[in-house]
Amino acid sequence: MARVKWSERPRTHRGAIIGAFLGMAIAAVAVFEYAFHGSIIDRYLIMAAGLLIGGGAGALIAKMTAPRA
């Protein structure tokens, strides 16, 4: 699989990657704050939710802010 440059990726993909990173960062804080003494399943669910919600929000924001053709 060929490596694609960051600037050559579609705008929505770049937004989704950035959003997923930010979502995971927020989820990591939430895990340490609320689920530190919980089960491993609780931590995985919070991190997965952060990944999916962050990725989706990033793609949506990138799509909404794209310049109109």
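Read on for a plain summary of the structure. Keep in mind that what you see is a predicted model, and the values were worked out from it rather than measured.

### Looking at the overall build of the chain
Link 1 in the chain: On a plain count of helices and strands, the chain comes out with two helices and zero strands.
Link 2 in the chain: Scaling as 2.2 N^0.38, a compact globule of 69 residues should have a C-alpha radius of gyration of about 11 Å, whereas the chain reaches 15 Å, well beyond that.
Link 3 in the chain: Considering only C-alpha atoms, the chain reaches an extent of 50 × 30 × 15 Å along its principal axes.
Link 4 in the chain: For the chain, buried positions account for 17% of its 69 residues.
Link 5 in the chain: A separation threshold of at least 6 residues defines the contact pool for the chain, and within that pool the share at least 24 residues apart is 55%.
Link 6 in the chain: Counting only carbon and sulfur atoms, one obtains 71% of the accessible surface of the chain, whose full area is about 5600 Å².

### Observations regarding the packing of aromatic side chains
Link 1 in the chain: For the coordinates displayed, the defined rule picks out one aromatic pair.
Link 2 in the chain: Geometrically, the ring pair formed by Phe32 and Phe36 is tilted, given 6.1 Å between the ring centres and 35° between the ring planes.
Link 3 in the chain: You can call Phe36 partly exposed: its relative accessible area is 47%.

### A closer look at the packing of helix 1 (residues 11-34) against helix 2 (residues 40-64)
Link 1 in the chain: Relative to each other, helix 1 and helix 2 sit at 145°, their axes nearing to 6 Å. With respect to the hand of their crossing, helix 1 and helix 2 are arranged in right-handed fashion. Of the residues in helix 2, those touching helix 1 at Arg11, Thr12, Gly15, Ala16, Gly19, Ala20, Gly23, Met24, Ala27, Ala28, Ala30 and Val31 are Arg43, Ile46, Met47, Gly50, Leu51, Gly54, Gly55, Gly58, Ala59, Ala62 and Lys63.
Link 2 in the chain: Here the contact of helix 1 with helix 2 is built from residues that sort into twelve nonpolar, eight polar and three charged.

### A short note on helix 2
Link 1 in the chain: Taking 1.5 Å as the rise per residue, helix 2 with 25 residues should run 36 Å; its terminal C-alpha atoms sit 36 Å apart, in good agreement.
Link 2 in the chain: Among the residues making up helix 2, those that are buried are Gly50, Gly54, Gly55, Gly58 and Ala62.
Link 3 in the chain: Looking at the buried side of helix 2, the elements it contacts are helix 1.

Basis of the calculations
Residues numbered from 1 in each chain as written. Predicted model: local features only at pLDDT ≥ 70, side-chain atom pairs only at ≥ 80, totals over all residues. Heavy atoms only, no water. Helix = DSSP H or I, 4+ residues; strand = E, 2+ residues; numbered from the N terminus. Rg over C-alpha atoms; globule rule 2.2 N^0.38 Å. Buried < 20%, exposed > 50% of the residue type's maximum accessible area, 1.4 Å probe, protein only. Contact = heavy atoms within 4.5 Å. Areas by Shrake-Rupley, 256 points an atom, 1.4 Å probe, with all protein chains shown as cover. Phe/Tyr/Trp six-rings, centres within 6.5 Å; stacked < 30°, edge-to-face > 60°. Axes fitted to C-alpha atoms, helices over the stretch in contact; angles between N-to-C directions. Left-handed = near helix turned anticlockwise from the far one by under 90°. Nonpolar A, V, L, I, M, F, W, Y, C, P; charged D, E, K, R; others polar. Expected span 1.5 Å × (residues − 1).

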